[in-house]
Amino acid sequence: MGIYVIRRLLWLPILVIIVTFITFVMLRFGPGDPVQIWLGQHQNDEVRERIRAQLGLDDPIAVQYIRYVEGVVTRLDFGESFKYRNKSVREVIGSRIWVSVQLNLAAIIITLGIGIPVGLLAALRQGTGWDNVIVAIALAFQSLPVFITAPVLLLIFALYLDILPTSGWGGFFSPKIVMPAVVMGVPGIAIVVRLVRASVLDVMAQDYVRTARSKGLPERAVRYRHILRNALIPVTTSFGFILAGLAGGTFIVEIYFGIPGVGRLSLEALNARDYPVLLTFAVISTTLFVLANLVVDLIYPFLDPRIRLGAGHAS
Amino acid sequence: MLPDRSGLPTREHGHAHQSDAGPDRLDWSQNELPPGQVLELSDRPARGHSYWSLAFRRLAHKKLAMACLSIIVAMYIGSLASPLVTPYDYRQIDLQSTRQGPSLAHPFGTDRQGRDMLTRVIFGVRTTVIITITSLLGGTLILGVVLGLLSGYLGRWVDAVIMRTGEVTSSFPEILLLLIFVSAFRPRLLVAVQNFEDATGLDWIIRLGVLDFTIISLGLAIFGWFGMARLVRGQVLQTRESQYAEAALAMGASTAHILRVHMLRNILSPLIVSVSAGLAGVAGAELVLSWIGVGVFPPVPSLGRMLFENGHPQVLVNHPHLILFPIGTVTVLFFCFNILGDAVNDAFNPRTR
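Residues numbered from 1 in each chain as written. Chains lettered and ligands numbered in written order. Predicted model: local features only at pLDDT ≥ 70, side-chain atom pairs only at ≥ 80, totals over all residues.

As for the overall build of chain B
Consideration 1: The helix and strand inventory of chain B stands at 13 helices and zero strands.
Consideration 2: Reading the helices (α) and strands (β) of chain B from amino to carboxyl end gives α-α-α-α-α-α-α-α-α-α-α-α-α.
Consideration 3: Taken across its 353 residues, chain B has 39% of its residues classed as buried.
Consideration 4: Long-range contacts, defined here as pairs at least 24 residues apart, represent 70% of the contacts in chain B between residues at least 6 apart. (Helix = DSSP H or I, 4+ residues; strand = E, 2+ residues; numbered from the N terminus. Buried ≥ 20, exposed ≤ 12 C-beta atoms within 10 Å, placed from the backbone. Contact = placed C-beta atoms within 7 Å.)

What follows is the structure in structure tokens.
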């Protein structure tokens, strides 16, 4: 188990270096000069050369890349932003990333908070009208893109009913978070509902559930201790998948609802050719993805003792 | 009408599973013919009970899925023939009649430049349709199947290289990388294509969006092949252990022959399932890219771009038709993709129901 975790973690830096290398090469292959964009109308060859020298942009490209990687590896220093002069990338991203984390957290709470109970309900009422209606709705909403639900909800709740603000950011407990979080959570709800339903039905047919019932356990205990707990295992595996879906939605929701998170920041950085910020995004999101998958794999054996990590074949 | 045999236990992936009953448990005495009678064998196998015919029959029984399939087919054919079916040109500006509501002349109304919305929506669907075809069928499917076959069948270092590459691409932050990919390659390619157009006298490559379609399909294929390759690899590993693959090898069949005849045929049904389930994903990716502004560039219409331009609260309140028609179209399309994907999964994977 320990060896397994170490092996997975050793793979992470290699992956990060590959991702940053490809990102770096693509950024430099593309046109555009960050200093020229930053200067805007006030183009001046002398000033431009001076800033380029300051930022180290006049060094060979290989040197620039190695310098960035070295900074990250040895000092966790992601360099200085090109767009926001005299601010480190950590400062620029730090405040923005917290906003996105809160938004994603709210979306996950909505996804799981609605998805799991509704999926359970559909499974327990299998074959009845409830089940059919829930499955049909889930199917209709599944992978319905964020940019479809966003304008529709905005039109209904902000413009016609006027009960929610149209845009902006006010922290986790502000009503402004409701609409973006719901928009981001909806596609996930449909996936979780169907997953939980299928998995509960699967578990309900297992022998140990019959055993639990026949030894006289109350229905409540059977449902929550035996059925739901085992049925949630597939949900944890798909959690990484749901997170990846949220990442895509973050971009659109943040732009659409005017939320100052990392999705919007990365678009701004792309337009300003702010290379250090973009590279850092690549580092962060790759790391998060790998760690999320690792955590999912580690939670697995706790939920289901039948699964053993790193074992070559079942014993 | 034949009876619905969906309840029968069917083999899940073609011939991957052998019958559980061993030959020693069969009672052969029942099969003995009376003396003097000769068994007439038809030279063609009995039809109607194969895995494929059962699967297609199960699919055909789902009315909603069939309706969705016809809608999708109609949308695909109609949009590919869009210059013939649309009443106007998608670039035809009429500043006398901007942002008009739905009318007989303009069923979906007109946009802020007086262009016919119905025409633009149909051309927008065409963009999505072309991307799904080129990216999913051309890129993901071919790339994924070929690499998956190689990886699973050849094994060893080929397998290692392909699988590690796939793990790297699948742990990329997809949207961010696509943004960077498009913004890096599009301007360079644009210049190259412009030079090419000047040199050859052609003028339709950029105007019709061929360049954009190519770049997006390429980008989506780079990030999308791995799921398919992994699926194919798993199936191949399973099939490779089977006795009929061994028998083919023993009879001197070439690698290419075994791959084509034995492996490909076995992976066809998971392939169909995964393609029909992947349609919505690819279409969604194109819409997201165009929405953000790095997908299909104007003047080529895209539903994603339309939704972005008309998504402003001011437009929503004053001219809701500008966004509700594109939204309706996208919703119908995605609903049909999902229902079809689900039904295909049910029909071809009866175990998972």
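Quick look at the overall build of chain A
Consideration 1: Along its length, chain A carries 14 helices and zero strands.
Consideration 2: When the elements of chain A are put in sequence order from the N terminus, they spell out α-α-α-α-α-α-α-α-α-α-α-α-α-α.
Consideration 3: A principal-axis box enclosing the C-alpha atoms of chain A has dimensions of 85 × 60 × 30 Å.
Consideration 4: Here chain A, with 315 residues, has 34% of them falling under the buried criterion.
Consideration 5: Counting only contacts in chain A whose residues sit at least 6 apart along the sequence, the fraction spanning at least 24 positions is 72%.

Regarding the interface of chain B and chain A
A common way to report how large an interface is uses the accessible area buried once the components associate.
Consideration 1: Taken together, the 36 residues of chain B in the interface contact 38 residues of chain A.
Consideration 2: Contributions of two or more residues to the side of chain B that touches chain A are made by α6 (174-200), α10 (255-292), α12 (313-318) and α13 (321-348) of chain B.
Consideration 3: Residue composition of the side of chain B that touches chain A, by class: 27 nonpolar, seven polar and two charged. (Nonpolar A, V, L, I, M, F, W, Y, C, P; charged D, E, K, R; others polar.)

With respect to the nonpolar core
Consideration 1: Judged by nonpolar contacts, the single largest core of 148 residues is most densely connected at Val193, Ile252, Val253 and Leu278 of chain A together with Leu179 of chain B.
Consideration 2: When sequence neighbours within four positions are dropped, the list of residues in contact with isoleucine 252 of chain A reads Val146 and Phe147 of chain A together with Val288 and Trp291 of chain B. (Core = buried A, V, L, I, M, F, W, Y, C linked by C-beta atoms within 7 Å.)

Let's talk about unusual backbone geometry
Residues and elements named next belong to chain A.
Consideration 1: At aspartate 162, a position not held by glycine, the phi torsion is positive, near 55°.
Consideration 2: Aspartate 162 sits in the exposed class, given 9 other C-beta atoms within 10 Å.
Consideration 3: One non-glycine residue, arginine 273, lies in the positive phi region at around 55°.
Consideration 4: Relative to the assigned elements, arginine 273 resides in the loop between α13 (262-271) and α14 (275-303).
Consideration 5: Judged by C-beta crowding, with 22 C-beta atoms within 10 Å, arginine 273 ranks as buried.

A few points about helix α7 (residues 146-160) of chain A
All names here are of chain A.
Consideration 1: Here α7 spans 20 Å end to end across 15 residues, near enough to the 21 Å set by a 1.5 Å rise per residue.
Consideration 2: Of all the bends in α7, the largest measures some 30° and sits at leucine 154.
Consideration 3: The set of residues buried in α7 consists of Val146, Phe147, Ile148, Thr149, Ala150, Pro151 and Leu154.
Consideration 4: Just past α7, the residue aspartate 162 takes up positive phi, approximately 55°. (Expected span 1.5 Å × (residues − 1). Bend = angle between axes of the 7 residues up to and from the residue.)

Quick look at the confidence of the model for chain B
All names here are of chain B.
Consideration 1: In the predicted model, chain B carries a mean pLDDT of 78, and the fraction of residues at 70 or more is 85%.
Consideration 2: Confidence drops under a pLDDT of 50 for residues 1-23, and excluding neighbours within four residues, the segment shows 28 contacts in the predicted structure.
Consideration 3: As a predicted assembly, this complex carries a pTM of 0.80 together with an ipTM value of 0.81. (pLDDT = per-residue confidence, 0-100.)

Description of the packing of helix α4 (residues 117-154) of chain B against helix α8 (residues 210-240) of chain B
All names here are of chain B.
Consideration 1: As a packed pair, α4 and α8 sit with axes 5 Å apart at the nearest point and diverge in direction by 35°. Judged by the twist between their axes, the crossing of α4 over α8 is right-handed.
Consideration 2: Split by residue class, the contact of α4 with α8 holds 19 nonpolar, 11 polar and three charged. (Axes fitted to C-alpha atoms, helices over the stretch in contact; angles between N-to-C directions. Left-handed = near helix turned anticlockwise from the far one by under 90°.)

So, the confidence of the model for chain A
Consideration 1: Taken as a whole, chain A shows an average pLDDT of 82; of its residues, 95% reach a score of 70 or greater.
Consideration 2: Contacts of residues 311-315 of chain A to residues separated by more than four positions or lying in other chains number zero contacts, the stretch itself having pLDDT below 50.

Some details on the environment of serine 274 of chain B
Residues and elements named next belong to chain B.
Consideration 1: Within the element layout of this structure, serine 274 appears in helix α10.
Consideration 2: On the basis of neighbour counts, which here come to 21 C-beta atoms within 10 Å, the residue serine 274 falls in the buried class.
Consideration 3: Sequence separation of serine 274 and glycine 341 is 67 residues, and the distance between their C-alpha atoms is 8.0 Å.
Consideration 4: Those residues within four positions of serine 274 in sequence are excluded, and the remaining contacts are Met228 and Leu231.

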